[in-house]
Amino acid sequence: MLSVSLSASASAIASGRARSEAAAGRRPGGIRLRGLRGDAPACGSMRLSQAAASAATRRAVPRPAASGNGAVGGSGGGFDYDLVIIGAGVGGHGAALHAVEEGLKTAIIEGDVVGGTCVNRGCVPSKALLAVSGRMRELHDEHHMKSLGLQVSAAGYDRQAVADHANNLASKIRSNLTNSMKAIGVDILTGFGTIVGKQKVRYGKVGSPDKEITARNIIIATGSVPFVPKGIEIDGKTVFTSDHALKLESVPDWIAIVGSGYIGLEFSDVYTALGSEVTFVEALDQLMPGFDPEIAKLAQRVLINTRKIDYHTGVFASKITPAKDGKPVLIELIDAKTKEHKETLEVDAALIATGRAPFTNGLGLENLNVVTQRGFIPVDEQMQVTDANGNVVPNLFCIGDANGKLMLAHAASAQGISVVEQISGRDHILNHLSIPAACFTHPEISMVGLTEPQAREKADKEGFEVSVVKTSFKANTKALAENEGDGIAKLIYRPDTGEILGVHILGLHAADLIHEASNAIALGTSLQELKLAVHAHPTLSEVLDELFKAAKLQPNEVQERKQHHPPQPLLKVLSFITSLLSSQKLDRQP
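Residues numbered from 1 in each chain as written. Predicted model: local features only at pLDDT ≥ 70, side-chain atom pairs only at ≥ 80, totals over all residues. Heavy atoms only, no water.

Peer 1: I'd like to hear about the confidence of the model for the protein chain, residue by residue, with values.
Peer 2: Counting all residues, the mean pLDDT for the protein chain is 84, and 81% of those residues have values of 70 or more. Segment residues 1–74: pLDDT under 50, and 133 contacts once partners within four positions in sequence are set aside and those in other chains are kept. (pLDDT = per-residue confidence, 0-100. Contact = heavy atoms within 4.5 Å.)

Peer 1: Break down the packing of helix 5 (residues 123–140) against helix 7 (residues 159–183) for me, with residues and values.
Peer 2: Two elements in contact, helix 5 and helix 7, have axes whose closest approach is 8 Å; the angle formed by their N-to-C orientations is 145°. The element helix 5 and its partner helix 7 pack so that their crossing is right-handed. The residues of helix 7 that touch helix 5, namely those facing Val 124, Pro 125, Ala 128, Leu 129 and Val 132, are Val 162, His 165, Ala 166, Leu 169, Ala 170 and Ile 173. In terms of residue class, the contact of helix 5 with helix 7 is built from 10 nonpolar, 1 polar and no charged. (Axes fitted to C-alpha atoms, helices over the stretch in contact; angles between N-to-C directions. Helix = DSSP H or I, 4+ residues; strand = E, 2+ residues; numbered from the N terminus. Left-handed = near helix turned anticlockwise from the far one by under 90°. Nonpolar A, V, L, I, M, F, W, Y, C, P; charged D, E, K, R; others polar.)

Peer 1: I'd like a description of helix 14 (residues 510–523), backed by residues and values.
Peer 2: Working note: α-helix, 3.6 residues per turn, so residues spaced by three or four point in the same direction. Its 14 residues give helix 14 an end-to-end C-alpha distance of 21 Å, which sits within 8% of 20 Å, the value for a rise of 1.5 Å per residue. A bend of about 25° at Glu 516 is the largest found in helix 14. Those residues of helix 14 that fall on the buried side of the exposure criterion are Ala 510, Ala 511, Leu 513, Ile 514, Ala 517, Ser 518, Ala 520, Ile 521 and Ala 522. Buried positions along helix 14 lie against strand 19 (437–439), strand 20 (444–449), strand 23 (500–507), helix 15 (527–530) and helix 16 (542–550). Two residues or fewer after helix 14 comes Gly 524, characterised by a positive phi angle close to 70°. (Expected span 1.5 Å × (residues − 1). Bend = angle between axes of the 7 residues up to and from the residue. Buried < 20%, exposed > 50% of the residue type's maximum accessible area, 1.4 Å probe, protein only.)

Peer 1: Hey, could you go over the packing of aromatic side chains for me, with residue numbers and the actual values?
Peer 2: In this description, a pair of aromatic rings is defined by centroid distance and the angle of the planes. Applying the stated criterion to the full structure yields 3 aromatic pairs. Here Arg 494 stacks its cationic end above the ring of Phe 464, 4.1 Å away from the centre of that ring. (Phe/Tyr/Trp six-rings, centres within 6.5 Å; stacked < 30°, edge-to-face > 60°. Lys NZ or Arg CZ within 6 Å of the ring centre and 35° of its normal.)

Peer 1: If you had to explain the side chain of Thr 279 to someone new, which residues and values would you point to?
Peer 2: Mapped onto the elements, Thr 279 comes out in strand 10 (residues 277–282). Here Thr 279 is in contact with Trp 254, Ile 255, Ala 256, Ile 257, Asp 310, His 312 and Leu 345, once residues within four sequence places are set aside.

Peer 1: Lay out the pattern of salt bridges in plain terms, naming residues and giving numbers.
Peer 2: Within this structure, the stated rule accounts for 20 salt bridges. Across the pair Lys 237 and Glu 249 runs a salt bridge whose closest N-O atoms are separated by 3.0 Å. One end of the pair, Lys 237, is in the loop between strand 7 (224–226) and strand 8 (239–241); the other, Glu 249, is in the loop between helix 8 (242–245) and strand 9 (254–258), with 12 residues separating them in the sequence. Assessed through its relative accessible area of 43%, Glu 249 is described here as partly exposed. Lys 461 is paired through a salt bridge with Glu 457; the nearest N and O atoms lie 3.6 Å apart. Of the two residues, Lys 461 and Glu 457 both sit in helix 12 (residues 452–462), 4 residues apart, roughly one turn of that helix. (Salt bridge = Lys/Arg side-chain N within 4 Å of Asp/Glu carboxyl O.)

Peer 1: An account of the sheet that holds strand 23 is needed here, citing residue identities and associated values.
Peer 2: Hydrogen bonds along the backbone pair up the strands of a sheet, which may run parallel or antiparallel. An order of 19-20-23-22-21 is seen for the 5 strands of this open sheet, with the pairing classed as antiparallel. The sheet is open, and its two edges are formed by strand 19 and strand 21 (467–472), each paired on a single side. Across the sheet, the mean angle separating the axes of adjacent strands is 10° when strand polarity is ignored. The strands touched by helix 9 (residues 262–273) within the sheet are strand 19 and strand 20, with strand 19 carrying the most contacts at an inclination of about 30°. (Pairing = 2+ DSSP bridges.)

Peer 1: Give me the lowdown on the pairing of strand 2 (residues 106–110), citing residues and values where you can.
Peer 2: Buried residues dominate strand 2, accounting for 5 of its 5 residues. Taking every second residue as pointing to the same face, both faces of strand 2 are buried, with Thr 106, Ile 108 and Glu 110 on one and Ala 107 and Ile 109 on the other. The pairing of strand 1 (residues 81–86) with strand 2 spans 4 bridges and is parallel. Its bridge partner being in strand 2, Leu 83 is matched across the sheet by Thr 106. Taken together, strand 1, helix 3 (residues 90–101) and strand 2 constitute a β-α-β crossover, and its handedness is right-handed. Sheet analysis places strand 2 next to strand 3 (residues 187–190), joined by 4 bridges and oriented parallel. Following the sheet pairing, Ile 109 is matched in strand 3 by Leu 189. (Right-handed = clockwise from strand over helix to strand, strands pointing away.)

Structure below.
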């Protein structure tokens, strides 16, 4: 990472100019530094390194007065806090840490436990179970082990010990999050938060008197809960959601999983590795909706057809009755189109993986004339909450699952950081197409940007050409060394501009590999530049190296110049500093 130090005199000049231009409503030097956007500046524009950009913008924007975090009282302007966050999940945590870094007096309200869904009932404990399933699957694959020259005796597992591993991991991460906020002085307020008026929040625990605080800005980060369709009876033992499944209180011989998206697919990986037979019930006509169709087709061959999994597509589970009195779980299936009864399944257990619903009831949104849409809080591109008339509610933001833009933990964190950037006086709009997603099956699936059908639809509307190239893990030395050659990487792009529209990967460590493509989209890096990037050999990263090099680009004079003369961040930063000095008409010291 590039680091630049200004001399004391240069720092003073930059700071003084920043104050005068900020007072005039301008950025220093006429620069408008933006966040991760789809309309990233062209290479001809100045692109600062992260460190230099951070330094420049922080000098440009005066921070609000803050007396540090601690006891209520003293954020400036008569408010108890500069920022109050309702919800201490991953999104709220990320926003709180960034806010304190920006000098904002910050409090976070949590009615349950720190960490929210991701840490306690989602990403974290599920990855612990998937780590176990991956090892069990490998140990049971006799052919794979023999190909590596290994001999393994019969592998088994202790169900309670596996469950304890998931629970202990969640506890550890929860403790880490709590300690990290306490260490920097974030006030953690316990209770359920309700917005009672403009810049006013009331919170408190059941049986205790409520307290009211004021905040210059409020962020709603209340997350989501499992969505359970009508007609499904949950008992938490034989019919349950992912919240219950993560406790791993049993491993049923035969389990139906209703929904074949991320959650359902990951749990199918866990249960089949531990010995269960699985039946998918999917309302749409194909499994794995939302994935790129070509990737979904290959994933079905690798992750479903080779395992003890069968499936029903194009059907709804209209009624599910838990097991009782010696009877199995009953699942009544109806045709998704005609609504006619098709059949009744009898299984040992049923996992309801039909998605998640926003947790937004009781927030007091009606006090600000805010009306939810299917439970989601409406926001604009800057995560500012909008009211029933479509007007922005001043100083109120919503991030994460509660706004429904992209229901991923890291998306919530990115949105929270983006909001804090805006509160601190900097333009920042998050490009959601640059946010990656991953499914932690074995092998993994990851993606960023558009699927091929989405890209072609966009191309038809806007009048440009789309190209697609693919590379195989079977041609990668590192994957072959691991005997893990199943998988492909797929690139969707514009051949005229070199813009990446989407990247999809199925294969070994796909969830780690996707970030090179994600960052390229976020930073507006073209394929002309990526073709010149260097990757260590032999590594899995060369799957993407070959993918980028396989792209066929149309001749373009501007792009050719960029390819042979890549951006030089250091020279650009030095040029920026020079312009600051010369604009003040001061003699530069030797």
